[in-house]
Amino acid sequence: MTRIRMTGTQRRQQLIEIGRALFAERGYEATSIEEIAQRANVSKPVVYEHFGGKEGLYAVVVDREMSRLLEMITSSLSQNRSRVRVERVALALLTYVEEHTDGFRILVRDSSVVAPSGTYSSLLNDAISQVGYLLAGDFSRRGFDPGLATMYAQALVGMVSTTATWWLDERTPSKEVVAAHLVNLCWNGLTNLEADPQLEG
């Protein structure tokens, strides 16, 4: 069987994809350079040449997933009125789970192994800061104490991220239904829950 000749860029991308799949399936500790090389049909030194080792490859995978997810969340926060922002954040996270399942598994399982500053929890802290900033403005306009915005942001982001982690394996109901119910609880509170919440945005 002849091996396909790839450019350095193509080979690097192939190794990242294979690494992402293995890290998602088995976790960092249970994945070996040998298996990554075997799946790519290359020798181990090729993997070392591109990434310096398993830790380097893992760091690249985590960094890419963090950037992708942060972009989805940030773009959802930067437009629309308050309720639609909450809808968009919930949908952005659930869409990421749906479309980049391997990446989400890596981020929530053990991304802190080699990248303590690039973990899912640090990404959530960034999201909390952004949501807190937006809520502080909303609170001030409505006569509420803007000093409480960070606590509310923590609660909102925590609720959405915990639900997304549950939905990772559940996948039912659909992401739109899950997002609608999250917004229902966030927006209306338990005393004013709508019987059949729908997304507005």
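Conventions used here
- Residues numbered from 1 in each chain as written.
- Predicted model: local features only at pLDDT ≥ 70, side-chain atom pairs only at ≥ 80, totals over all residues.
- Heavy atoms only, no water.
- Buried < 20%, exposed > 50% of the residue type's maximum accessible area, 1.4 Å probe, protein only.
- Helix = DSSP H or I, 4+ residues; strand = E, 2+ residues; numbered from the N terminus.
- Contact = heavy atoms within 4.5 Å.
- Axes fitted to C-alpha atoms, helices over the stretch in contact; angles between N-to-C directions.
- Parallel < 35°, antiparallel > 145°, perpendicular 65-115°, else oblique.
- Left-handed = near helix turned anticlockwise from the far one by under 90°.
- UniProt positions renumbered as here; feature names shortened; annotations may be inferred.
- 1 Å grid on protein atoms, 1.4 Å probe; cavity = no way out; pocket = protein on both sides within 12 Å on 5 of 7 lines; lining within 4 Å.
- Points joined across faces, edges and corners; volume = space filled by probe spheres on them.
- Nonpolar A, V, L, I, M, F, W, Y, C, P; charged D, E, K, R; others polar.
- Salt bridge = Lys/Arg side-chain N within 4 Å of Asp/Glu carboxyl O.

- Under an unreviewed UniProt entry, the name given to the protein is Putative TetR family transcriptional regulator, and the organism recorded is Rhodococcus erythropolis.

**A look at helix 2 (residues 33-40)**
- Within helix 2 the residues assigned to the buried category are Ile 33, Glu 35, Ile 36, Ala 37 and Ala 40.
- Packing partners of the buried residues in helix 2 comprise helix 1 (8-26), helix 3 (44-51) and helix 4 (54-77).
- Looking one or two places after helix 2, you find Asn 41, whose phi comes out positive at around 60 degrees.

**Focus on the packing of helix 4 against helix 5 (residues 82-99)**
- Running from N to C, helix 4 and helix 5 point in directions that differ by 160 degrees, and their axes come no closer than 8 Å. Of the possible angle classes, the one that applies to helix 4 and helix 5 is roughly antiparallel. Considering how the two elements wind past one another, helix 4 and helix 5 form a crossing that is right-handed. Seen from helix 4, the contacting residues are Glu 65, Arg 68, Leu 69, Met 72, Ile 73, Ser 76 and Leu 77; seen from helix 5, they are Arg 85, Arg 88, Val 89, Ala 92, Leu 93, Thr 95 and Tyr 96.

**Concerning the UniProt feature "domain: HTH tetR-type" (unreviewed entry) in the protein**
- When the UniProt feature table is mapped onto this chain, "domain: HTH tetR-type" (unreviewed entry) is found at residues 9-69.
- Helix and strand shares over residues 9-69 are 82% and 0% respectively, and the end C-alpha atoms of the span are 23 Å apart.

**As for the layout of surface pockets**
- The volume enclosed by the largest pocket comes to roughly 600 Å³.
- Lining the largest pocket are 23 residues, with Leu 135, Phe 139, Leu 156, Cys 186 and Trp 187 sitting closest to its centre.
- Among the secondary structure elements, those contributing two or more residues to the lining of the largest pocket are helix 5, helix 7 (120-142), helix 8 (149-170) and helix 9 (175-188).
- Residues of the lining of the largest pocket, tallied by class, amount to 17 nonpolar, 1 polar and 5 charged.

**Some details on empty space enclosed by the protein**
- All told, the structure shown has 1 cavity of 30 Å³ or more when counted by the stated rule.
- Size it by volume and the largest cavity reaches roughly 50 Å³.
- For the largest cavity, the full set of lining residues is Ile 73, Val 89, Leu 93, Leu 124, Ala 127, Val 157 and Val 160.
- Elements that contribute at least two residues to the lining of the largest cavity include exactly helix 5, helix 7 and helix 8.
- Of the residues belonging to the lining of the largest cavity, the class tally is 7 nonpolar, no polar and no charged.

**Regarding the pattern of salt bridges**
- Under the criterion given, the structure shown has 12 salt bridges.
- A salt bridge links Glu 35 to Arg 39; the shortest N-O distance between them is 3.8 Å. Here the residue Glu 35 and the residue Arg 39 both occupy positions in helix 2, the gap between them amounting to 4 residues, near one helical turn.
- Notably, a salt bridge pairs Arg 83 with Glu 200, separated by 3.8 Å at the nearest N-O pair. With a gap of 117 residues between them, Arg 83 in helix 5 and Glu 200 in the segment after helix 9 connect regions that are remote in the sequence.

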